[in-house]
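What the coordinates show
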Amino acid sequence: MRLDEAQALWDPEPGWLNTASYGLPPRPGWAALQAALADWRVGHTSWEPWDESTGRARASFARLAGVDADDVAVGATVSQLLAPVAAGLPPGSRVLLPDIEFTSNVYPWLVRPDLDVRAVPTNQLLSFVDDKLTVLAFSLVQSATGEVAPYAELCAAARAHGALVVVDATQACGWLPFDAGLADVVAVAAYKWLMSPRGSAFAYLRPGLRDAWTPHAAGWYAADDVHASYYGPPLKLPSSARRFDISPAWFSFVGAAPALALVEEIGVPAIHEHNVALANRFLTGLGRPPSNSAIVTVDVPGAEEKLDRAGIRAAVRAGRVRASFHVYSTTSDVDSALDALTG
Ligand SMILES: Cc1ncc(COP(=O)(O)O)c(C=O)c1O
């Protein structure tokens with residue numbers, strides 16, 4: 001589907017420049033969710049049809065990430081999906097991460113006081129990769145700045161030193177083409193660039209490596225045969241990444257499956273081109289060099305009041321504007337924001 005045709009499937013109020021905070025649902029996702037809620041309200045169906053969305057969303061995510069669906073676990077949040085990886089490290093393991101990394105890829109390591117966790121400036125990560133490193137953890141796109149990590153280079157460096165690569169691709173998956181298989185673990189919360197309800201998240205967990213991690217949150221949904229495992233022992237987990245599944249938040253995945261299908265249909269390269277063009281137009285309009293990311297940050301005095309007055313919704317933190325542009329954003333959104341900031 002062409003992106004300009006697909007745009008008719010969203011109903012944004014003009015001026016939403018904050019997909020880095022949450023993405024807006026496409027109409028098919030919204031409609032599926034409303035239908036499920038209506039059925040739930042009156043007890044019209046059993047829950048199994050809601051759950052089928054989880055399988056469809058997992059398969060879509062796997063295709064978007066370029067990996068096998070058997071290597072993808074479903075969950076609710078990034079931090080929850082990363083927890084078993086952190087819990088599985090031997091005491092004393094060294095973990096390296098950027099000093100502005102979003103907390104969900106920081107606390108899972110820091111809750112273990114027996115790990116040697118080091119946070120360094122993003123542009124110095126490579127120089128800290130050495131034989132003493134156990135895990136290199138970073139976001140593919142930084143939430144605070146929109147900076148795109150040198151993914152292939154970081155993965156290659158870590159691999160050369162035998163370190164695991166753990167990536168949070170929440171701010172990338174849905175607009176930035178990438179191959180999850182270069183890393184060992186890639187976790188994504190779907191409520192931003194995958195335009196799904198909160199409570200839907202995915203993680204690629206490399207086969208071979210994941211056997212060393214314990215699925216501490218395993219319940220009936222992590223069983224080898226889910227529908228034959230409602231009661232009692234024995235423990236029978238599959239060898240696939242499903243052993244790390246938690247029981248899905250049904251309605252979140254009901255909204256997620258059509259949204260991910262639509263991202264696939266439009267195609268991430270087309271979304272990438274659209275988003276980056278808008279982001280660069282915004283930067284150019286403010287006299288800044290293009291950054292080729294869908295998330296940009298700029299210092300503009302009085303930005304918060306200026307954007308508020310014009311009804312533009314972007315994130316403003318400590319005087320710094322973070323604007324983000326997705327499939328439903330338009331040149332008119334960009335130009336209204338520029339008028340507000342420069343007028
Ligand atoms: C990079 C990144 N990762 C993850 C999240 C959300 O994390 P979680 O799913 O653990 O709530 C955010 C939210 O802002 C984020 O920016």
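Not measured: the values here are computed from a predicted model.

**A short note on the sheet that holds strand E2 (residues 94-98)**
Here we have seven strands laid out as an open sheet, ordered E1-E7-E6-E5-E4-E2-E3, and mixed in their pairing. Each edge of the open sheet is held by one strand with a lone partner, namely strand E1 (72-75) and strand E3 (116-120). For this sheet the average axis-to-axis angle between neighbouring strands, irrespective of direction, equals 15°. With five bridges connecting them, strand E4 (residues 133-139) and strand E5 (residues 164-168) associate as parallel partners. Within E5, the position partnered with Leu-136 by the bridge is Val-165.

**A word on the environment of Leu-96**
One can find Leu-96 in strand E2. Residue classification places Leu-96 among the buried positions, given a relative accessible area of 2%. Sequence separation between Leu-96 and Ala-119 is 23 residues; the distance between their C-alpha atoms is 5.9 Å. Among all residues touching Leu-96, those that are not within four sequence positions of it are Arg-118, Val-120, Leu-125, Phe-128, Val-129, Leu-133, Val-135, Leu-136 and Ala-137.

**Things to note about the environment of Arg-27**
Note that Arg-27 resides in helix H2 (residues 27-42). When near neighbours in sequence (up to four residues on either side) are disregarded, Arg-27 contacts Ala-8, Leu-9, Trp-10 and Asp-11. Here Ala-8 takes part through its backbone oxygen, which lies 2.8 Å from a polar atom of the side chain of Arg-27. Among the polar contacts made by the side chain of Arg-27, one reaches the side chain of Asp-11 at a distance of 2.9 Å.

**Observations concerning the packing of helix H8 (residues 268-285) against helix H10 (residues 331-342)**
With their axes 10 Å apart at the nearest point, H8 and H10 run at an angle of 20° to one another. Considering their axes alone, H8 and H10 lie roughly parallel with respect to each other. Handedness of the crossing formed by H8 with H10: right-handed. Of H10, the residues touching H8 (which contributes Leu-278, Arg-281, Phe-282 and Gly-285) are Thr-331, Val-334, Asp-335, Ala-337, Leu-338, Leu-341 and Thr-342. Here the residues of the contact of H8 with H10 sort into six nonpolar, three polar and two charged.

**Some words on the packing of aromatic side chains**
As enumerated under the stated definition, the model contains 14 aromatic pairs in all. Ring geometry for Phe-202 versus Phe-253: centroids 5.9 Å apart, planes at 90°, classification edge-to-face. Of this pair, Phe-202 sits in strand E7 (residues 201-205) while Phe-253 sits in helix H7 (residues 250-266), and the two are 51 residues apart along the sequence. We note that Phe-202, like Phe-253, is buried. Aromatic rings pair up to connect Trp-40, Trp-47, Trp-50, Trp-220, Tyr-221, Tyr-230, Trp-250 and Phe-251 into one cluster.

The rules behind these values
- Throughout, residues of each chain are indexed from 1 in the direction in which the sequence is written.
- pLDDT decides what is reported in this predicted model: residues at 70 or higher carry local features, side-chain atom pairs at 80 or more are listed and counted, and totals for whole chains, interfaces and linings draw on all residues regardless.
- Note that the side-chain values use all heavy atoms of the structure and ignore hydrogens as well as water.
- Think of it this way: DSSP has to see at least two bridges between two strands before they count as a pair.
- Numbering goes from the N terminus for both helices and strands, where a helix is a DSSP run of H or I of at least four residues and a strand is a run of E of at least two.
- Here an axis means a line fitted to C-alpha atoms, over the contact stretch when the element is a helix, while the angle between two N-to-C directions is reported on a 0 to 180 degree scale.
- Buried, partly exposed and exposed residues are distinguished by accessible area as a fraction of the type maximum, computed with a 1.4 Å probe on protein chains only: under 20%, between the cut-offs, and over 50%, respectively.
- The contact definition used throughout considers only heavy atoms, calling two residues in contact when any of these lie within 4.5 Å.
- Polar contact is the term for a pair of N or O atoms within 3.5 Å; when the atoms are in protein, one must be able to donate a hydrogen and the other to accept it, and sequence-neighboring residues count only if both atoms are side-chain atoms.
- Oblique is the label for any angle not under 35 degrees, not over 145, and not in the 65 to 115 range, which are roughly parallel, roughly antiparallel and roughly perpendicular in turn.
- Two helices crossing with the near one rotated counterclockwise from the far one by less than a right angle form a left-handed crossing, whereas a clockwise rotation gives a right-handed crossing.
- Residue polarity is assigned by list, with Asp, Glu, Lys and Arg as charged and Ala, Val, Leu, Ile, Met, Phe, Trp, Tyr, Cys and Pro as nonpolar; anything else, Gly included, falls into the polar class.
- Any two rings among Phe, Tyr and Trp, with Trp reduced to its six-membered ring, count as a pair given centres within 6.5 Å; such a pair is stacked if its planes are under 30 degrees apart, edge-to-face if over 60, and tilted if neither.

All quantities given are derived from atomic positions and should not be read as evidence of function.
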